[in-house]
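# What the coordinates show
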Amino acid sequence: MGTPVLFIHGLWLHASSWDPWIERFREAGYDPQAPGWPGDADTVEASRQDPDAIADHGIDDVVAHFAGIVDTLPSAPILVGHSFGGLIAQKLLGQDRALAAVAIDAAQIKGVLPVPLSALRATLPVFKNPANRHRAVSLTEEQFRFAFANAVSEDESRALHARWTIPAPGRPLFEAASANFDPHSPAKIDTANENRGPLLLIASGKDHTVPESVTRSTLKQYRHSEAVTDIHTFPDRGHSLIIDSGWPEIAEFCLTWLKEHVR
């Protein structure tokens, strides 16, 4: 068996959206899997039918869930996370639970300021109602187009929305938004850890939900650690880069970086 790889999805996408990546990483000799978040059902359709099971899971719940999965593996895994999955991957890496991590368009961690206007608009479906902190919220086609798929065609955006989207818990967004006012925020990462494995941050130049400026601000949070922290920007990509037709380019870049940095 190859090195374990855990793929961690973010808000509004089902774990099965990583299926093409799993196949590609298995071909490259890894042992990959993509578990869902707490409350996620096995399929997109089943998850849509039971949003109450998804609701009210926060960052710490998701970290504990994936830490439990890590503990069952034969060796420390590589973590690949998108959006809030990228935040979760960074947190687990900072806890020395992984060989390395790739955080793609990762949600803002504690210390990142400010939040760009496009990110506020992308998350407005959640923040417009404070009660959504304890609910699961779905995105319409139009909302998904702005938040995820602005860099692809309208037809592809509609297809991606129909194929992969599920309701998402609002709680992680509220926790991230208040992170800089909470000394015990679950969005706090041990960015000063000198002994952790290497980290790759990937940014998308056209991302509305996690603009490139957020990822570059994230990089600055690691300035007190000598551990490997790299960044790469795909200037013409949006937040859907892991699921849209250009995903192979991102996957191949990740595989190349991992080959260079993980022995």
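Below, the structure is looked at part by part.

### So, the overall build of the chain
From N to C terminus, the chain includes 12 helices and 8 strands. A compact globule built from 263 residues should have a C-alpha radius of gyration of about 18 Å, and the chain, at 17 Å, falls within 12% of that. Looking at the chain as a whole, 56% of its 263 residues qualify as buried. Counting contacts in the chain only where the partners sit at least 6 residues apart, residues at least 24 apart contribute 77% of the total.

### Considering the packing of helix α4 (residues 59-71) against helix α5 (residues 84-94)
As a packed pair, α4 and α5 sit with axes 10 Å apart at the nearest point and diverge in direction by 60°. In this structure, the crossing between α4 and α5 has a hand that is right-handed. Note on element contacts: α5 touches α4 through Phe 84, Leu 87, Ile 88, Lys 91 and Leu 92, opposite Ile 59, Asp 60, Val 62, Val 63, Phe 66 and Ala 67.

### Details of the sheet that holds strand β1 (residues 4-8)
Overall, parallel pairing links the 6 strands, which are arranged β2-β1-β3-β4-β7-β8 in an open sheet. Strands at the two margins of the open sheet, each flanked by one partner only, are β2 (31-33) and β8 (229-234). Taken over all neighbouring pairs, the strand axes of this sheet differ in orientation by 15° on average, direction set aside.

### Side note on the side chain of Gln 108
Following the sequence through the fold, Gln 108 ends up in the loop between β4 (100-104) and α6 (117-122). Sequence-distant contacts of Gln 108, that is, excluding residues within four places in its chain, are made with Leu 87, Val 115, Ala 176 and Val 214.

### Comments concerning the pattern of salt bridges
Should their charged atoms come close, side chains of opposite charge can pair. Throughout the structure, instances matching the rule amount to 12 salt bridges. Linking Asp 61 and Arg 171 is a salt bridge whose minimum nitrogen-to-oxygen distance equals 3.4 Å. Residue Asp 61 is found in helix α4, and its partner Arg 171 is found in helix α10 (residues 171-177); the two are separated by 110 residues along the sequence. With relative accessibility at 25%, the residue Arg 171 sits in the partly exposed group. Beyond isolated ion pairs, a larger network of salt bridges with shared partners links Arg 24, Glu 27 and Glu 252.

### Regarding the packing of aromatic side chains
Here the distance between the centres and the angle between the planes together describe a pair of aromatic rings. Enumeration over the complete set of coordinates arrives at 10 aromatic pairs. When the ring of Trp 21 is compared with that of Trp 247, the centres are 6.2 Å apart and the planes differ by 35°; the resulting orientation is tilted. In this pair, Trp 21 sits in helix α1 (residues 19-27) while Trp 247 sits in helix α12 (residues 247-261), placing the two residues 226 residues apart along the sequence. With relative accessibility at 0%, the residue Trp 21 sits in the buried group. On the basis of an interplanar angle of 45° and a centroid distance of 5.6 Å, the ring pair of Phe 25 and Tyr 30 is categorised as tilted.

### Looking at the side chain of Arg 196
Looking at the element boundaries, Arg 196 is found in the loop between α10 and β7 (199-204). The charged side chain of Arg 196 is buried without a salt bridge, its nearest counter-charge being Asp 96 at 7.6 Å. Within polar-contact distance, the side chain of Arg 196 engages the side chain of Thr 229 at 2.4 Å. Discounting chain neighbours no more than four positions away, the residues touching Arg 196 are Leu 93, Asp 96, Tyr 222, Ser 225, Ala 227, Val 228 and Thr 229.

### Considerations on the environment of Val 137
Tracing the sequence through the fold places Val 137 in strand β5 (residues 136-137). According to the relative accessible area criterion, Val 137 is buried, its value standing at 9%. With 123 residues separating them in the primary sequence, Val 137 and His 14 have C-alpha atoms 14 Å apart. For Val 137, the contacting residues outside a window of four places in its chain are Trp 12, Pro 125, Val 126, Asn 132, Pro 167 and Ala 168.

### Here's the deal with helix α11 (residues 212-221)
Of the positions making up α11, those classed as buried are Val 214, Thr 215, Ser 217, Thr 218 and Gln 221. One side of α11 holds all its buried residues, which, seen down the axis, span an arc of 160°. Elements in contact with the buried residues of α11: α5, β7 and β8.

Scoring rules and cut-offs
- Residues numbered from 1 in each chain as written.
- Predicted model: local features only at pLDDT ≥ 70, side-chain atom pairs only at ≥ 80, totals over all residues.
- Heavy atoms only, no water.
- Helix = DSSP H or I, 4+ residues; strand = E, 2+ residues; numbered from the N terminus.
- Rg over C-alpha atoms; globule rule 2.2 N^0.38 Å.
- Buried < 20%, exposed > 50% of the residue type's maximum accessible area, 1.4 Å probe, protein only.
- Contact = heavy atoms within 4.5 Å.
- Axes fitted to C-alpha atoms, helices over the stretch in contact; angles between N-to-C directions.
- Left-handed = near helix turned anticlockwise from the far one by under 90°.
- Pairing = 2+ DSSP bridges.
- Salt bridge = Lys/Arg side-chain N within 4 Å of Asp/Glu carboxyl O.
- Phe/Tyr/Trp six-rings, centres within 6.5 Å; stacked < 30°, edge-to-face > 60°.
- Lys, Arg positive; Asp, Glu negative; His and termini not counted.
- Polar contact = N/O pair within 3.5 Å; in protein donor to acceptor, adjacent residues only side chain to side chain.
- Arc of directions from axis to C-beta.

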